[in-house]
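Examination of the molecular architecture
So the chains spell out like this:
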Amino acid sequence: MTSHQLPPKQGLYDPQFEHDACGVGFVVQVKGLASHSIVQQGLQILCNLEHRGACGSEANTGDGAGILVQLPHRFLQKVARAEGFELPASGQYGAGIVFTSPDLTIRAESRRRFESVAAQMGQKVLGWRDVPTNDGTLGAMAQASEPFMQQVFIERSADCEDDLAFERKLYVIRKLAHNVIGKSGHDTYWYPASLSCRTMVYKGMLTPPQVRDFFPDLSDPDFESALALVLSLLSSNSFTSW
């Protein structure tokens, strides 16, 4: 077992029986108008749900917390441009956050394999972005198993006639990539937190108050959404992980 993986079956313990309990909340703008205030309200709800989560022997190592939002198109356009590529119109691309190895060589190969899977599914990877993180408030246990986080952007092909068809493509890409990158043993950190043309998930082995500080993206005024769904995790009979 490594610090970022579950232990093997032993004694009365079997990883297949792991289950979580948690606190969930959401806020939505009923007319569908995206704003940064909705994101901030969601983060406040998450902090209010801290009692529904848990931490380990370290008070600053949480069982997990996160937020789901609509793709913040204006924000993503800005950061993609800073990385040297342009995004098409909203709905014409998918984006996601993946956890990957801190090792640069392993990470580069993971990206190559992911791009190969996307190409096999007829989709083109437009570019990648390193997600800024701040682990200064995290406990030693969380830092020891912390993955490197990246955003990936995929252009919608002409044969995807609607959002649902594109979502299905992205789902298959996510599953196939997980098999050839994560389950193959190449990159044991690999985990796609989300991959969609509609929503994006920021989450981690965090306490609810740590989410805002860990992900500076969430404090950018251009980071907008009309909904925010938040989760505060209680690993009641499971090993906490990223």
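See the structure shown above.
Scope of this entry: the structure provided in the associated data block. (Residues numbered from 1 in each chain as written. Predicted model: local features only at pLDDT ≥ 70, side-chain atom pairs only at ≥ 80, totals over all residues. Heavy atoms only, no water.)

Let us now look at the overall build of the chain. Looking only at helices and strands, one finds 6 helices and 8 strands in the chain. Starting at the N terminus, the α and β elements of the chain follow one another as β-α-β-α-β-α-β-α-β-α-β-β-α-β. The burial tally for the chain puts 46% of its 242 residues in the buried class. The long-range fraction of contacts in the chain, counting pairs at least 24 apart against all pairs at least 6 apart in sequence, stands at 81%. Roughly 11,600 Å² of accessible area belongs to the chain as shown, and the carbon and sulfur atoms make up 53% of that amount. (Helix = DSSP H or I, 4+ residues; strand = E, 2+ residues; numbered from the N terminus. Buried < 20%, exposed > 50% of the residue type's maximum accessible area, 1.4 Å probe, protein only. Contact = heavy atoms within 4.5 Å. Areas by Shrake-Rupley, 256 points an atom, 1.4 Å probe, with all protein chains shown as cover.)

Let's shift gears to the side chain of histidine 36. Note on placement: histidine 36 falls in helix H1 (residues 36-48). The contact partners of histidine 36, leaving out residues within four places of it in the chain, are Leu218, Ser219, Asp220, Pro221, Phe223 and Glu224.

All told, the structure shown has 8 aromatic pairs when counted by the stated rule. Relative to phenylalanine 215, the ring of phenylalanine 214 has its centre 4.8 Å away and its plane inclined at 85°; by these criteria the two rings are edge-to-face. On the basis of relative accessible area, phenylalanine 214 is assigned to the buried category, the value being 0%. Exposure remark for phenylalanine 215: the relative accessible area of 0% places this residue in the buried category. One aromatic cluster is present, built from ring pairs that chain together Phe75, Tyr202, Phe214, Phe215 and Phe223. Directly above the aromatic system of phenylalanine 148 lies the positively charged group of arginine 107, at a separation of 3.7 Å from the ring centroid. (Phe/Tyr/Trp six-rings, centres within 6.5 Å; stacked < 30°, edge-to-face > 60°. Lys NZ or Arg CZ within 6 Å of the ring centre and 35° of its normal.)

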